[in-house]
Amino acid sequence: MRTLHAVADRIEKIVTKLPGLKSVTDLWKVADRSLAEGDAAFLADLGIALAGTYGSDPRPIWQYRSVFDHLLRLLATTPGPGNVAQALRLVSSVEAADRKLDRYAASLLASSHPAEELAAAFTGNASEELRACLVHELVLRGVAVAETPGIAGWATSPHWKHHPLGWLPLALSDVEGQPDLPSYSTRGSSHSMPYGPSENGRVAVERGAHVPPVEETTTPAVAKGISAAVANWAEDSNGRVEARVFALAASLDIESVPSALLALGLECLKDSGRKTAFSVVVCPPDQAWRVLFAAASSGGAYNSGARGAYGRLAAWQSLACLAGATEGVPAEVVEARVRECAWYGFDVDTKWFERVAWDIGLASVSLDGRRLAVLAATDTD
């Protein structure tokens, strides 16, 4: 049986030699064997030691990033309450604690363990950020958190309602449906990409159809709100975003929506001539939310997004501003406003869109037909 001193000495040697490694696959195998032998604590101890030495660097060495991620993924995605406990110990340690790590860990844990095991995060040593993210990662997976022993007390308590995620409801709305969520393993993750045009609900493009006089009413605050779901594309990848709002002098008919979009002077539709492929489709609000959630939670070409909990929040922020909902109103009021609007998706072959894999064109028309909001986004690798 290994002594604590021998384990500590082994960990110290790994930490010391890490920067000189050309490959870390042997360390991955060491971690794999240790977990298979039931020694989850070794993985957490090693992760904490590595974080204490290399984690505070603004640009940590690649060896550390790779090994730490493997350790966390092993603990967080391998079934068993003991693995949950050690994953929580790792991410909650002083050495590793970080808000982004909390979001990531919550997504990993919720994807792989039953809620009953994750209740340990709400009674033991875990940050409020990790708990808040876990609540909504579980909500996204259809868990009734308000009824789950060990979680319900914290989730329904008013003490955390000041948290940004506290605005979100504790159950999925009809608009959210069944969200597309990532699949995690120790070797990576996969997720759906619901971008691009649909063949259903196509609106005939009648260039030159009557469009009422229009005036742009975009404010910086509204543009930021509409862009919430795709902000990470522009900030952390190669993306660009166009978010604008217009007031029309008279009600806009569905048949005139394509012509209205072409008449707004949008950058994303610049140089859209008669020979340019341009399509507009009716887009139910649940499809709009699905696209926004994927963009926010999974990210663009060169980033991983905000994960599930904050991706859910960003999707609702974009949807709310596109629908013209007043800032700060309850979620159920936003959903009602969203359902009142008519939603459209558009696709066009212009130089503005990268047309690689990440392209979004969404428009909403208010119930009275006199407010038109647009969100366009694109990213490339």
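The rules behind the values
- All residue numbers here refer to positions counted from 1 along the written sequence of the relevant chain.
- The predicted nature of this model means local features are confined to residues of pLDDT at least 70 and side-chain atom pairs, given and counted, to a pLDDT of 80 or more, with totals for whole chains, interfaces and linings taken over all residues.
- Side-chain metrics rest on all non-hydrogen atoms present in the structure, leaving aside hydrogens and water.
- Helical segments are the DSSP runs of H or I of at least four residues, strand segments are the runs of E of at least two, and each set is numbered from the N terminus.
- Residue contacts are counted whenever heavy atoms from the two residues lie within 4.5 Å of one another.
- What a helix is expected to span follows from its residue count: subtract one and scale by 1.5 Å.
- Remark: exposure states derive from per-residue accessible area (1.4 Å probe, protein chains only) relative to the maximum for the residue type, with buried under 20%, exposed over 50%, and partly exposed in between.
- Any Lys or Arg side-chain nitrogen located within 4 Å of an Asp or Glu carboxyl oxygen qualifies as a salt bridge.
- To obtain each axis, a line is fitted to C-alpha atoms, and for helices this fit is confined to the stretch in contact; angles are then taken between N-to-C directions over 0 to 180 degrees.
- Any angle that is under 35 degrees is reported as roughly parallel, and any over 145 degrees as roughly antiparallel; angles of 65 to 115 degrees are reported as roughly perpendicular and all others as oblique.
- Amino acids are sorted into nonpolar (Ala, Val, Leu, Ile, Met, Phe, Trp, Tyr, Cys and Pro), charged (Asp, Glu, Lys and Arg) and polar (every other residue, Gly among them).
- Between N or O atoms, a polar contact is any pair within 3.5 Å; within protein, one atom must be a potential hydrogen donor and the other a potential acceptor, and residues adjacent in sequence are included only when both atoms are from side chains.

## Here's the deal with the side chain of Thr 148
Within the secondary structure, Thr 148 sits in the loop between helix H8 (128–140) and helix H9 (152–155). With near-sequence residues (within four places) excluded, Thr 148 lies in contact with Ala 115 and Val 143.

## Topic: helix H5 (residues 81–92)
In this model, H5 (12 residues) spans 16 Å end to end at C-alpha, consistent with the 16 Å of a helix rising 1.5 Å per residue. Of the positions making up H5, those classed as buried are Asn 83, Val 84, Gln 86, Ala 87, Leu 88, Leu 90, Val 91 and Ser 92.

## Quick notes on the pattern of salt bridges
Using the criterion set out here, one finds 15 salt bridges in the structure. Its salt-bridge partner being Arg 99, residue Glu 129 comes within 3.1 Å of it at the nearest N-O pair. Highlighted residues: Glu 129 in helix H8 and Arg 99 in helix H6 (residues 99–112), separated in sequence by 30 residues. We classify Glu 129 as buried; its relative accessible area is 5%. The salt bridge partner of Arg 244 is Glu 242, with a shortest N-O separation of 2.9 Å.

## Considerations on the packing of H5 against H6
Remark: H5 packs on H6, axes separated minimally by 10 Å, with the N-to-C direction vectors making an angle of 170 degrees. The orientation of H5 with respect to H6, classified from their angle, is roughly antiparallel. The residues of H6 that touch H5, namely those facing Ala 87, Leu 88 and Val 91, are Leu 101, Asp 102, Ala 105 and Leu 109. Residues that form the contact of H5 with H6 fall into these classes: six nonpolar, no polar and one charged.

## Considerations on the side chain of His 113
Considering the arrangement of structural elements, one finds His 113 in the loop between H6 and helix H7 (115–118). Given the relative accessible area of 6%, His 113 is considered buried. Of the polar contacts made by the side chain of His 113, one reaches the side chain of Glu 117; its length is 3.3 Å. Those residues within four positions of His 113 in sequence are excluded, and the remaining contacts are Leu 75, Ala 76, Thr 77, Thr 78, Pro 79, Gly 80, Val 84 and Leu 118.

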